[in-house]
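# Results of the structural survey
Given next are the chains, with one letter for each unit.
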Amino acid sequence: MDNEKLPRRSENFSEWYNQVIQRAELADYAPVRGCMVVRPYGWAIWENIQKALDDRFKASGHVNAAFPLLIPMSFLEKEKEHVKGFSPELAIVTIGGGETLEEPLVIRPTSETIIGHMYAKWIKSYRDLPVLINQWANVVRWEMRTRLFLRTLEFYWQEGHTAHATEKEGQDETLRMLNTYADFAINEAAIPVIPGRKSESEKFAGAVHSFSIEAMMGDTRALQSGTSHNLGQNFARAFDIQYLDQNNELQYCWTTSWGLSTRIIGAIIMAHGDDQGLVLPPRLAPIQVVIVPIFHDDNEKSAVLSMAEKVKQQLSDFRVKLDDRTEMTPGFKFNEWELRGVPLRIEIGPKDVAKNSVMIARRDIPGREGKSPVELAQLTEEISSLLQKIHVNLLEKATAFRDAHIFDPFDYQELAKVLENGWAYSYWCGSSECEQKIKEDTKATTRCIPLDQPAKTGKCIVCGKPATEKVYIARAY
Ligand SMILES: [Zn+2]
């Protein structure tokens, strides 16, 4: 790692983002343009994300399975909107084992089609419902403009696919999973996301309604951080997913799909990071506490290291790393672990050994203000309480930042102005013409229509016609 300072976040956000990822060793560019290599530290964050989500999925009755990477091209063509939406991004295999294939195979961009095909085979009766399956997988979408974590040709995610007996059950599931994502984002990633419905033009190809959680990044741009789709009977009709109801009549199922990807790591970087680098939310941080021993000679070394080992053992309930590398100075290590976003640092020097205490430094509060001495007897409790405080502080900071950058513009002219440095929350008549005009004039898009709406109606910010709903509008990643 080189010692040059990171670009300032306020001056060049995009370069800051790229360099943080590289220098913190989260990910790297792959030989194929647009692909990414997730390095061990980045993957460790993803594993913690997986665990937090997987526990929630299972608690609500979902199970995991694995479906194939290759999908017959004809499957995608069965759902008209779906193939229209995805065909520009498809990677297609035409040769296998040296022979031209009879039917081209698509590398999955998402798995509604192949899972729909299997559900048609597995679901026979109302007794088989609901089917609540999730898979952890990688998918390929041939994106032209890519950025590490935010938009890559191949990415990792989970996709849930469920089938239900009634329309209401399908809609309930769609919203349940939307709320699961919001709960995860807020309580694990400390990102205050806004859940809501996507507009017609922004919805998933083949869905009846799409919902998303939207997060504000440190440069005020929006990031769609998870989506949940009510697919109605569209895929059930395309794939003949039918069941015999209690009256022995054949009915089409109601299906949903929902996904959250490695994109959320980009959200964590951009929502919490600062000029020193990453600031990881404690519940997802691969290393929650790093111990840095400080000594000047061999005598001090053995006393300090033995106490450091003892502290590490005492804190075995947390994810702790003892940085006992001897070829680097403590100052170098401080910078490195700050860059890598470790929530807490414990410093142990000869004076601390003498006093049977350690110095703790918080990543979220830089400098002296974030440092405090703690006696060993209180250490375990104190670490637990500090990690909790850091989570709360990150969430509060991100919420205050978000709320300070959401505006209710008075007219269309003001709308364009506020979108330069924030989001607008405005009445919109629902027409795609008005939506398109905003996009052409400002490059901003409608992000989501929150489920909780103000009681009174208003006037569309674009055309002035009566409007019943308010929508978030922002430039987005
Ligand atoms: Zn309008």
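Placed above this text is the structure.
All of the points below concern the structure found in this document. For every chain, the first residue of the written sequence is number 1, and numbering continues from 1 along that sequence. Reporting of local features is limited, given that this is a predicted model, to residues whose pLDDT is at least 70; pairs of side-chain atoms are given and counted only at 80 or more, and all residues count toward the totals for whole chains, interfaces and linings. Note: side-chain values were computed over all heavy atoms of the structure, leaving out hydrogens and water.

Moving on, we come to the sheet that holds strand E18 (residues 357–362). One open sheet holds the five strands; their spatial order is E16-E15-E17-E18-E19, and the pairing between them is mixed. Looking at which strands have only one partner, the edges of the open sheet turn out to be strand E16 (320–322) and strand E19 (371–375). The average angle at which neighbouring strand axes cross in this sheet is 25°, direction not considered. Should DSSP find at least two bridges between two strands, the strands are taken to pair. What counts as a helix is a DSSP run of H or I of at least four residues, what counts as a strand is a run of E of at least two, and both are numbered from the N terminus. Bridge analysis of strand E17 (residues 344–348) against E18 gives four bridges, and the strand direction is antiparallel. What sits directly across from Leu344, in E18, is Arg362. Residue contacts are defined here by distance: any two heavy atoms, one from each residue, within 4.5 Å place the two residues in contact. Axis definition: a line fitted to C-alpha atoms, over the contacting stretch in the case of helices. Angles run 0 to 180 degrees between N-to-C directions. Sitting on the sheet, helix H10 (residues 330–339) touches strand E15 (289–293), E16 and E17, and the angle it makes with E15 is about 170°.

Okay, the coordination of the zinc ion next. Listed donor atoms are N, O and S within 2.8 Å of the metal (Na, K and Ca: 3.2 Å). As water is not included, a site may look incomplete. Protein ligation of the zinc ion involves Cys429 (SG), Cys434 (SG), Cys460 (SG) and Cys463 (SG), the donor distances falling in the range 2.3 to 2.4 Å. Under this scheme a four-donor centre is tetrahedral when all angles range from 85 to 135 degrees, a four-donor centre is square planar and a six-donor centre octahedral when opposite donors are above 155 degrees with the rest from 65 to 115, and any other centre is irregular. Coordination geometry of the zinc ion: the four donor atoms subtend angles of 104 to 116° at the metal centre, consistent with an arrangement described as tetrahedral. If you list the donors of the zinc ion from N- to C-terminus, the spacing comes out as C-x4-C-x25-C-x2-C. Linking Cys429 in the loop between strand E21 (423–428) and helix H14 (432–442) with Cys463 in the loop between strand E23 (458–459) and strand E24 (466–467), this pair joins segments that are 34 residues apart in sequence. Buried means the residue's accessible area, taken with a 1.4 Å probe over protein chains only, is under 20% of the maximum for its type, while exposed means over 50%, and partly exposed covers the values in between. Of the residues examined, Cys429 reaches a relative accessible area of 29% and is grouped as partly exposed. Accessibility expressed as a relative area gives 35% for Cys463, which makes it partly exposed.

Secondary-structure assignment places His161 in strand E8 (residues 154–164). Under the rule applied, a polar contact is a pair of N or O atoms within 3.5 Å (in protein, one hydrogen donor and one hydrogen acceptor; residues adjacent in sequence only if both atoms are side-chain atoms). A polar contact of 2.7 Å, which involves the side chain of His161, links it to the side chain of Glu159. Among residues more than four places away in sequence, those in contact with His161 are Ser111, Glu112, Ile115, Tyr119, Val131, Leu132, Ile133, Thr256 and Ser257.

It is worth spelling out empty space enclosed by the protein at this point. A pocket, in this scheme, is an open set of points on a 1 Å grid over the protein atoms alone with protein on both sides within 12 Å along at least 5 of 7 lines, while a cavity is a set where a 1.4 Å probe fits but cannot get out; residues line either one if an atom lies within 4 Å of a point. Grid points are joined across faces, edges and corners, and a volume is the space filled by probe spheres set on the points. As enumerated under the stated definition, the model contains one cavity of 30 Å³ or more in all. Glu112, Ile115, Gly116, Tyr119, His161, Thr162, Leu231, Phe235, Ile241, Thr255 and Thr256 are the residues that line the largest cavity. Those elements that provide at least two residues to the lining of the largest cavity are helix H5 (112–122), E8 and strand E14 (254–261). Counting residues per element, the lining of the largest cavity draws most heavily on H5, which supplies four residues.

Another point: the pairing of E21. In terms of residue burial, E21 counts as a mostly covered element, since six of its six residues are buried. Along E21, one buried face is formed by Trp423, Tyr425 and Tyr427 and the opposite face, lined by Ala424, Ser426 and Trp428, is buried too. Bridge analysis of strand E20 (residues 406–407) against E21 gives two bridges, and the strand direction is parallel. Each residue of the ladder has a partner; that of Phe407, found in E21, is Ala424. The handedness rule is simple: strands pointing away from the viewer, and a clockwise path from the first strand over the helix to the second, make the crossover right-handed. Where the polypeptide runs from E20 across helix H13 (residues 412–418) and back to E21, its parallel neighbour, the crossover connection is right-handed. Judged from the five bridges that link them, E21 and strand E25 (residues 469–474) form a sheet pairing that is antiparallel. Within E25, the residue paired with Tyr425 across the bridge is Tyr472.

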